[in-house]
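# Per-entry structural report
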Amino acid sequence: MLITGGGGQLGRALAEEFPEARALTRAEWDVALPAPPGLVESELVLHAAAWTDVDGAEDDPQSAAAVNVGGTGNVAELGAPLVYYSTDYVFDGRARTPYVESDGPNPLSVYGRTKLHGEAAAGERAWIVRSSWTFGATGHNFVRTMLRLGAERGEVAVVDDQRGCPTYVGHLAAATRELLERPFGIWHVAAAGECTWADFAEAVFEEAGLDCRVRRIATAELPRPAPRPSYSVLRSDKGAPQLPHWRDGLRECLGRLA
Ligand SMILES: NC(=O)c1ccc[n+]([C@@H]2O[C@H](COP(=O)([O-])OP(=O)(O)OC[C@H]3O[C@@H](n4cnc5c(N)ncnc54)[C@H](OP(=O)(O)O)[C@@H]3O)[C@@H](O)[C@H]2O)c1
């Protein structure tokens, strides 16, 4: 069993959940290139490597596609069944009720488009796991950024008009094991509950005991290169593994950091 993107936040959580797997960092396999010799005997690949710089993809769409589409094709070339991790950013966010697996995607950003094309590149023998707003005790993520800012400042401005499901990578990794019992296809696997980034920031400060105020702002006040969906709550209508509430994920993550 292989894990790609073994140095990323999800890759590390998968390596803990699947100690029997070999976790490869980018230095061991740059997935934009064909697989190095010796990997063709794999029985299953948990494909967590991706170009995840959402804003950076707008400036360099070709490189993002080389990893997210071409790289996924290279992983599929190994011939083993694979788990491909996709994103809520395949949706445009115009809905006001949760997106289920049968809803049509319409990505707003280069990143979202490359991840959607990556779903196709994963092939027929793949579990396509769409998750959302992932965070963990390592890597670059919103929780770690808020902990740093909350320790430095008395107030942070956070957008309050994007709504999603912040998903703890440890919970996503555990759900992956359950998912392997289900048929191939698209599965929505995100934390229970929903919130805005501002709600999430407040929860981080509360749970971490930081005395920092959240000033709620609109996305328009914080222009960024890539558009984000304003609503990307994911739910399953076909019996995907259920995850704990995002607040439980946050507590577990903070426990790990402590
Ligand atoms: N982050 C989110 O909010 C979110 C939400 C939904 C779905 N997802 C999906 O979940 C998966 C895991 O993401 P994550 O949150 O764990 O992000 P992450 O921490 O950025 O991990 C991505 C990993 O992929 C590696 N990588 C990048 N380009 C590579 C290449 N060409 N070859 C091999 N490895 C490469 C990165 O290595 P370096 O560290 O060396 O760059 C990094 O270790 C991705 O498919 C992502 O699209 C993420």
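Relevant structure appears above.
Fair warning: this is a prediction, and the values are worked out from it, not measured in the lab. Within each chain, residue numbers correspond to sequence positions counted from 1 in written order. Side-chain atom pairs in this predicted model are given and counted only at pLDDT of 80 or more, local residue features only at pLDDT of at least 70, and totals for whole chains, interfaces and linings cover all residues. To get the side-chain values, all heavy atoms of the structure are used, and hydrogens and water are removed first.

## A look at the environment of Ser 131
Quick note on the threshold: Note on conventions: DSSP H or I runs of at least 4 residues are helices, E runs of at least 2 residues are strands, and numbering of each starts at the N terminus. Buried residues are those whose accessible area, probed at 1.4 Å on protein chains only, stays under 20% of the maximum for their type, while exposed residues exceed 50% and partly exposed ones sit between those limits. Note on definitions: a residue-residue contact is assigned when non-hydrogen atoms from the two residues lie within 4.5 Å.
With respect to the secondary-structure elements, Ser 131 resides in strand β5 (residues 126-131). Classification of Ser 131 as buried rests on a relative accessible area of 5%. Distance in space between the C-alpha atoms of Ser 131 and Ala 175 is 11 Å, their sequence separation being 44 residues. Not counting residues within four places of it along the chain, the set of residues in contact with Ser 131 comprises Ser 86, Thr 87, Asp 88, Thr 167, Leu 172, Val 189, Ala 190 and Leu 234.

## Considerations on the site of the ligand
Inclusion rule: One heavy atom suffices: a residue is near a molecule or strand as soon as one of its heavy atoms comes within 4 Å of it. N or O atoms within 3.5 Å of each other form a polar contact, as long as, within protein, one can give a hydrogen and the other can take it, and as long as residues adjacent in sequence are counted only when both atoms are side-chain atoms. Areas reported as accessible are Shrake-Rupley estimates using a 1.4 Å probe. Residue values count occlusion only from the protein chains shown. Residues are grouped as follows: nonpolar covers Ala, Val, Leu, Ile, Met, Phe, Trp, Tyr, Cys and Pro; charged covers Asp, Glu, Lys and Arg; every other residue, Gly included, is treated as polar.
Near the ligand, the surroundings consist of 23 residues, among which Arg 26, Thr 52, Tyr 111, Lys 115 and Thr 134 are the closest. The contact in question runs from an oxygen atom of the ligand to an N or O atom on the side chain of Gln 9, over 2.9 Å. In this structure, an oxygen atom belonging to the ligand sits 3.2 Å away from a main-chain N or O atom of Ala 50. Relative to its unbound accessible area of 900 Å², the ligand is 80% covered by the protein chains. Elements that contribute at least two residues to the shell around the ligand include exactly α1 (9-17), β4 (82-87) and α4 (110-121). Here the element with the most residues in the shell around the ligand is β4; it accounts for 3 residues. Class assignment of the residues belonging to the shell around the ligand gives a composition of 10 nonpolar, 10 polar and 3 charged.

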